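Close look at the chain arrangement
Take a look at the letters that make up each chain.
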Amino acid sequence: MQVEKRCDHGPVFFPKSASFRLAKKSFSIKKIGLKIESVSTPIKRKATMTKTKTYKYGPHTFKSYFKPVGNGWEVGFTHGNRTYWVGNFVHRTEATKWWAMFNREIVTFSKRFNFTQQMPFSWYCNFLSNHMYTCYYTWLDKMFNKHETTFKKAYSKDFKRYMKMKKTRTAATTKQTGYFLKAV
């Protein structure tokens, strides 16, 4: 016997013994014997606190932050109400790695390029911002190269397997026997 579940795309049928997860609670249809209708509560990710770090540079106070935003993560650098740098990430692991490197880079920059009273403050902030964007895009290039290498290896492995199947006629396609991708 099947149980019907209604969702946005129409009815979905599950076997009576199916188990599934709704809003962090697992239900087994066999155990509670219920008919499910219109359940649209998404499973929420774990709430995490925003991480902040404060930098005092003479009379000026800067803040860097790391927080969840939408389905991703955001790392930024502010002074007062003005944001001088912001970066968005899809994966938390990459955002965490950048957060650590970002904070080290801010300290390194302030030691390497001292701010004096004769320098215009807004110019120095833009200099810091441009430096951080340079570091960010250099780091992203390294990340993209890593991902590109991984996917190139996977593609070449799959391509070799396809060619092997094609030789043995496992993947042979003709207009009568095979499927071809076409726009609809």
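In what follows, the accompanying structure is described.

Definitions and limits used
- Residues numbered from 1 in each chain as written.
- Predicted model: local features only at pLDDT ≥ 70, side-chain atom pairs only at ≥ 80, totals over all residues.
- Heavy atoms only, no water.
- Salt bridge = Lys/Arg side-chain N within 4 Å of Asp/Glu carboxyl O.
- Helix = DSSP H or I, 4+ residues; strand = E, 2+ residues; numbered from the N terminus.
- Buried < 20%, exposed > 50% of the residue type's maximum accessible area, 1.4 Å probe, protein only.
- Pairing = 2+ DSSP bridges.

**Regarding the pattern of salt bridges**
Counting across every chain of the model gives one salt bridge. Here K152 ties to E148 by a salt bridge, and the two come within 3.4 Å at their closest N and O atoms. Separated by four residues within a single helix, K152 and E148 lie in helix 3 (residues 121–167), roughly one turn from each other.

**With respect to the pairing of strand 7 (residues 72–79)**
With eight of eight residues buried, strand 7 lies mostly within the body of the structure. Judged by which residues are buried, strand 7 turns out to be covered on both faces: G72, E74, G76 and T78 on one side and W73, V75, F77 and H79 on the other are all buried. Both strand 6 (residues 60–69) and strand 7 contribute to a ladder of eight bridges, which runs antiparallel. Looking at the pairing, K63 lines up with T78 of strand 7. Linking strand 6 to strand 7, which pair antiparallel, is a turn of two residues; within it G70 sits at a positive phi near 60°. Pairing geometry for strand 7 and strand 8 (residues 82–89), over seven bridges, is antiparallel. For W73, the partnering residue across the bridge sits in strand 8 and is F89. Count of turn residues in the strand 7/strand 8 antiparallel hairpin: two residues, of which G80 carries a positive phi of about 65°.

Note that all results are geometric; they support no functional claim without further evidence.
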